[in-house]
Amino acid sequence: MLGMDSRGSVAVISPACPACAKSAEDAATERYGNYELFRCAVCDLQFWEPRVMPDARWYEQMYSGRDVKLMPLEPGHKYFLRDPLAPGRGELLDIGCGTGNFLVAARAAGYTVSGTELDRNAARFAKEQLDLPRVLGLTMSEFVEKYPGEKFDIVTFFEVLEHQAAPVEFVEKVKSCLRSGGYIALSVPNRERWLTGPDVLDYPPNHFLRWNVSALRNLLSAQGFEILSVTEQLAGLAHTAQMINMALRTGLTRKATGDAPNSFREVTQMGSQEAATALQAEPTVRQRAVQFLGRMKYVACFPLAIVAYPYVRLRGYKGTYLYFLARLVQ
Ligand SMILES: [Zn+2]
């Protein structure tokens, strides 16, 4: 962005950090379509500009297929459920609860559970199939507006914060439904994870924010939280196989991803209507053959991954998940 400084000459105005409001470092560090990635030198957050979150229908389209079945628990869920510093009981609200996999596990662990999910199909599945009556098909803002007096002992939001356009406002809404001394638990993709190529899901408008331990610690401390536990997942065998697969991009897969009109990263750039059409289109025979060969190639990477794994562990390469547990002290 360009602007005039006090002497009338043209100066570059870097955007304000959405977490700490300070000006970002001047130059964008990455470009993608019309988006630019900046880094805040003060709080260490990386954020894309511009940030306009898509509507609920867009997420329903992008994550369709995940909304009518019970997904396995993610590492972030498991870190929380075995975290000795977590309260272990009380009223829990899970934001972005999907089809309710974590809520079922948290209920079994002794929590009284509620959830919000903006994908209405997923919310319906949780309610009807998993006997979770307190799952509401609402955004966080709608929930806070509709139930202003409702308070919880713990609010969880796994893989949610990276999607936010305005993280401070999001955390303020979380705080508004926490009892005093209440807990939060969350996970985000760790931007320091081991990558050998671009992670197609980690781009706007799907993700707007890239977190690491220090950026998350800075945001939560500034918002009045005491950090109780931090876990950075280490790269596992499947992650190692995936990274070897990514590093060994063959001519075939490069050509296929270049050709395929409906590759995920492209579809995420579409509006919800256009995306629906693209996602519902039957893959061509050629696309199907390429997908099959791609899967074979990934499987073939496992023996290589087994050989490489001791080195990966020795070097301490990080996996995808970054988990935090914190408690409100103000
Ligand atoms: Zn900042």
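Details of the structure are given in the entry above.
Throughout, a residue's number is its position along its own chain's written sequence, starting from 1. pLDDT decides what is reported in this predicted model: residues at 70 or higher carry local features, side-chain atom pairs at 80 or more are listed and counted, and totals for whole chains, interfaces and linings draw on all residues regardless. Only hydrogens and water are set aside; all other atoms, that is, all heavy atoms of the structure, feed into the side-chain values.

**Some thoughts on the packing of aromatic side chains**
So, point 1. Stacked, edge-to-face and tilted are the three classes for Phe, Tyr and Trp ring pairs, Trp counted by its six-membered ring, which pair at centre distances within 6.5 Å; planes under 30 degrees apart are stacked, over 60 edge-to-face, the rest tilted. Under the defined criterion, the tally for this structure stands at 14 aromatic pairs.
So, point 2. Plain terms: the ring middles of Phe80 and Phe102 are 5.8 Å apart, the flat faces sit at 70° to each other, and that makes the pair edge-to-face. In this pair, Phe80 sits in helix α2 (residues 75–81) while Phe102 sits in helix α3 (residues 101–108), placing the two residues 22 residues apart along the sequence.
So, point 3. Note on classification: 1.4 Å probe, protein chains only; a residue is buried when its accessible area is under 20% of the maximum for its type, exposed when over 50%, partly exposed between these limits. Judged by relative accessible area, which is 0%, Phe102 ranks as buried.
So, point 4. Geometrically, the ring pair formed by Tyr298 and Phe302 is edge-to-face, given 5.5 Å between the ring centres and 70° between the ring planes. Placement of both Tyr298 and Phe302 in helix α12 (residues 285–315) is noted, with a separation of 4 residues, approximately one turn of the helix.
So, point 5. With relative accessibility at 25%, the residue Tyr298 sits in the partly exposed group.
So, point 6. Members of the aromatic cluster, each reached through a chain of ring pairs, are Phe80, Phe102, Tyr111 and Phe158.
So, point 7. A positively charged side chain is recorded as over a ring if its NZ (Lys) or CZ (Arg) lies within 6 Å of the ring centre. The angle to the ring normal must also be within 35 degrees. Over the ring of Tyr147 we find Arg134, and its NZ or CZ is 5.8 Å from the ring centre.
So, point 8. The residue whose ring lies beneath Arg210 is Tyr203, and the NZ or CZ to ring-centre distance is 5.1 Å. Secondary structure elements follow DSSP: runs of H or I of four or more residues count as helices, runs of E of two or more count as strands, with numbering from the N terminus.

**Things to note about the environment of Pro54**
So, point 1. Here Pro54 lies in the loop between β5 (46–49) and α1 (56–62).
So, point 2. Overall, Pro54 belongs to the buried group, its relative accessible area being 19%.
So, point 3. Sequence spacing of Pro54 and Pro205 is 151 residues, and the spatial spacing of their C-alpha atoms is 6.9 Å.
So, point 4. Here, residues are in contact when the closest pair of their heavy atoms is within 4.5 Å. Beyond its immediate chain neighbours, meaning those up to four positions away, Pro54 contacts Tyr59 and Pro205.

**Looking at the packing of helix α8 (residues 237–247) against α12**
So, point 1. Taken N-terminus to C-terminus, the directions of α8 and α12 make an angle of 115°; their axes are 7 Å apart at the nearest point. In terms of orientation, α8 and α12 fall into the roughly perpendicular class. Viewed along their axes, α8 and α12 form a crossing whose handedness is right-handed. Along the contact surface, α8 presents Leu237, Ala238, Thr240, Ala241, Gln242, Ile244 and Asn245, while α12 presents Lys297, Tyr298, Cys301, Phe302, Leu304, Ala305, Ile306, Ala308, Tyr309 and Val312.
So, point 2. Basically, the charged four are Asp, Glu, Lys and Arg, the nonpolar ten are Ala, Val, Leu, Ile, Met, Phe, Trp, Tyr, Cys and Pro, and anything else, Gly included, counts as polar. Its residues placed into classes, the contact of α8 with α12 shows 13 nonpolar, 3 polar and 1 charged. Helix axes use the C-alpha atoms of the stretch in contact, all axes being lines fitted to C-alpha atoms, and the angles between their N-to-C directions lie in the range 0 to 180 degrees. We call two directions roughly parallel when the angle between them is under 35 degrees, roughly antiparallel when it is over 145, roughly perpendicular when it lies between 65 and 115, and oblique otherwise. For any pair of crossing helices, the crossing counts as left-handed if the nearer helix is rotated counterclockwise from the farther one by less than a right angle, and right-handed if it is rotated clockwise.

**Here we look at α3**
So, point 1. Those residues of α3 not exposed but buried are Asn101, Phe102, Leu103, Ala105 and Ala106.
So, point 2. Positive backbone phi, at 115°, marks Gly110, one or two positions downstream of α3.

**Focus on unusual backbone geometry**
So, point 1. Residue Pro50 is bonded to the preceding Glu49 through a cis peptide linkage, with omega at -10°.
So, point 2. If you trace the backbone, Pro50 turns up in the loop between β5 and α1.
So, point 3. Look at the link from Pro204 to Pro205: it is a cis peptide, with omega at 5°.
So, point 4. Tracing the backbone shows Pro205 in the loop between β10 (178–189) and β11 (209–210).
So, point 5. Notably, Ala21 is not glycine yet its phi reads approximately 70°, a positive angle.
So, point 6. The topology assignment puts Ala21 in the loop between β2 (10–12) and β3 (30–32).
So, point 7. For Ala21, a relative accessible area of 59% gives the class exposed.
So, point 8. Even without glycine at this site, Glu159 takes up a positive phi of about 55°.

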